[in-house]
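Analysis of the macromolecular model
Each chain is listed here by its residues.
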Amino acid sequence: MACSQFEYVKQYETDDRMLPGCWIVLRLDGKGFTKFCELHCFEKPNDVRALCLMDAAAQAVMREFQDIRLAFGESDEYSFVFPRECQLYGRRCSKLVSLVASCFTASYVRLWPQHLPDTPLAATPLFDARAVLYPSDRALRDYLSWRQADTHINNLYNTCFWALVKSGKTNTEAHTQLQGTLADYKNELLFSQFGLNYNALPERFRKGSVILRQRVKHVKQTADGRSKEKERLEPCVLHCDIIRDHFWQQHAELLA
Ligand code: GTP
Ligand code: MG
């Protein structure tokens, strides 16, 4: 073969198959989204249109990659969980990371006009991606708890920060007032100064988004023109606590 003299270069490709038996988590994060959100005048601290777009892009990823067991998203990031026994692309890291990142990014761009019809996309959204392996169910749960706790901490801080700024404080003044304060102080500040009950804010903002495959009824036309109700598994978005045991007891199949 004419090309055989060149084939040795293939040996330089690294074998990046990920350890067997571990949960695979792929986490994507928007690059420079502080600027990207400013540029598109996203509502502060939470723009429900932008968050729904993130969820829709993640649902598209879950439709493309049926192996994904669940996903969790907040702000400009999304984590996708592949099961321990997953054999997709031989568990090759670069293959999985690049495919999921490009599927998410392309879906984000494709679905943008549906979610922000009055805002032209004025920059190229980019998402970095990494794979992390978790050897136990406990470690996977702790990872997801960490992301949801982060959602809560960031959202409480950002809600206070933007309430102070909207009330006339400069960014520096707002930051100084909040620096080192505990959750109780921030809750009290929102309630006493802005009449806001933090716990009454939408769960989407406080808890982020979890996507699971759930049975959804749909109507199918049969060949003879009749309609028949069928069920299929669809990636559905929930906004609920995933730190406590209750969620995992209710969805025992996730860790099975
Ligand atoms: P890199 O990830 O390091 O590239 O930086 P980044 O600018 O993307 O910051 P990071 O990922 O740490 O944080 C996400 C940024 O997105 C924060 O600045 C958030 O304020 C912003 N962001 C995410 N969701 C929203 C939203 O709904 N509204 C607004 N206004 N900003 C948002
Ligand atoms: Mg980011």
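Above this text sits the structure in question.
Residues numbered from 1 in each chain as written. Chains lettered and ligands numbered in written order. Predicted model: local features only at pLDDT ≥ 70, side-chain atom pairs only at ≥ 80, totals over all residues. Heavy atoms only, no water.

1. Details of the site of ligand 1
Near ligand 1, the surroundings consist of 15 residues, among which Asp 29, Gly 32, Phe 33, Thr 34 and Asp 47 are the closest. The backbone of Gly 30 places a nitrogen or oxygen atom 3.0 Å from an oxygen atom of ligand 1. One nitrogen or oxygen atom from the main chain of Phe 42 is found 3.5 Å from a nitrogen atom belonging to ligand 1. Considered on its own, ligand 1 offers 640 Å² of accessible surface; in the complex 65% of this is hidden by protein. Most atoms of ligand 1, that is more than half of them, are within 2 Å of grid points of the largest pocket. Listed by contribution, the elements that provide at least two residues to the shell around ligand 1 are strand E1 (23–30) and helix H1 (33–39). The greatest single-element share of the shell around ligand 1, amounting to 3 residues, is contributed by H1. (Near = heavy atom within 4 Å. Polar contact = N/O pair within 3.5 Å; in protein donor to acceptor, adjacent residues only side chain to side chain. Areas by Shrake-Rupley, 256 points an atom, 1.4 Å probe, with all protein chains shown as cover. 1 Å grid on protein atoms, 1.4 Å probe; cavity = no way out; pocket = protein on both sides within 12 Å on 5 of 7 lines; lining within 4 Å. Sits in = over half its atoms within 2 Å of the grid points. Helix = DSSP H or I, 4+ residues; strand = E, 2+ residues; numbered from the N terminus.)

2. Details of the nonpolar core
With 34 residues, the main nonpolar core has Val 61, Tyr 78, Phe 80, Phe 82, Val 100, Phe 104 and Tyr 108 as its most contacted residues. Sorting the residues of this core by element identifies E1, H1, helix H2 (48–64), strand E3 (77–82) and helix H3 (93–115) as the ones contributing at least two each. Filtering out sequence-adjacent residues up to four positions away, Phe 80 remains in contact with Ile 24, Val 25, Leu 26, Leu 28, Ala 58, Val 61, Met 62, Ile 68, Leu 70, Ala 71, Val 100 and Phe 104. Grouped together as the second largest cluster of nonpolar side chains are 15 residues, Trp 23, Val 25, Val 210 and Trp 248 included. (Core = buried A, V, L, I, M, F, W, Y, C linked by side-chain atoms within 4.5 Å. Buried < 20%, exposed > 50% of the residue type's maximum accessible area, 1.4 Å probe, protein only. Contact = heavy atoms within 4.5 Å.)

3. What about the layout of surface pockets?
The space that makes up the largest pocket amounts to roughly 810 Å³. Surrounding the largest pocket, 33 residues form its lining, Cys 37, Pro 45, Ser 75, Asp 76 and Asn 158 being those nearest its centre. If you list the elements that add at least two residues to the lining of the largest pocket, you get H1, H2, strand E2 (70–74), E3, helix H4 (137–166) and helix H7 (203–207). Here the lining of the largest pocket takes 7 residues from H4, the largest share from any one element. Within the lining of the largest pocket, the residues separate by chemical class into 12 nonpolar, 10 polar and 11 charged. Its volume calculated, the second largest pocket comes out at about 160 Å³. (Points joined across faces, edges and corners; volume = space filled by probe spheres on them. Nonpolar A, V, L, I, M, F, W, Y, C, P; charged D, E, K, R; others polar.)

4. A word on H2
Turn by turn, an α-helix covers 3.6 residues, leaving residues three or four places apart pointing in a common direction. Compared with the 24 Å implied by 1.5 Å per residue over 17 residues, the 24 Å span of H2 between its first and last C-alpha is a close match. Counting buried residues along H2, 12 of its 17 residues qualify, which places the element largely inside the surrounding structure. Taken as a whole, H2 has its buried residues at Ala 50, Leu 51, Leu 53, Met 54, Asp 55, Ala 56, Ala 57, Ala 58, Gln 59, Ala 60, Val 61 and Met 62. (Expected span 1.5 Å × (residues − 1).)

5. Considerations on the coordination of the magnesium ion (ligand 2)
Around the magnesium ion (ligand 2), the protein contributes the donor atoms Asp 29 (OD), Gly 30 (O) and Asp 76 (OD), which lie 2.1 Å from the metal centre. Considering all 6 donor atoms around the magnesium ion (ligand 2), angles at the metal cover 81 to 176° and the coordination shape is octahedral. In primary-sequence terms, the residues that donate to the magnesium ion (ligand 2) follow D-G-x45-D. On the basis of relative accessibility, which here comes to 23%, the residue Asp 29 falls in the partly exposed class. (Donors = N, O, S within 2.8 Å, 3.2 Å for Na, K, Ca; no water. Tetrahedral: all angles 85-135°; square planar, octahedral: opposite > 155°, others 65-115°.)

6. So, H4
With 30 residues, H4 ought to run about 44 Å at 1.5 Å a step, and its terminal C-alpha atoms sit 43 Å apart, in line with that. Just beyond H4, the residue with positive phi is Gly 168, at close to 120°.

7. Here's the deal with a nonpolar patch on the surface
A cluster of nonpolar side chains, Tyr 8, Val 9 and Tyr 12, forms an exposed patch at the surface whose accessible area comes to about 370 Å². Along the polypeptide, Tyr 8 turns up in the segment before E1. Given the relative accessible area of 46%, Tyr 8 is considered partly exposed. (Patch = residues over 30% accessible without salt bridge, like charges linked within 9 Å, V, L, I, M, F, W, Y side chains within 5 Å. Salt bridge = Lys/Arg side-chain N within 4 Å of Asp/Glu carboxyl O.)

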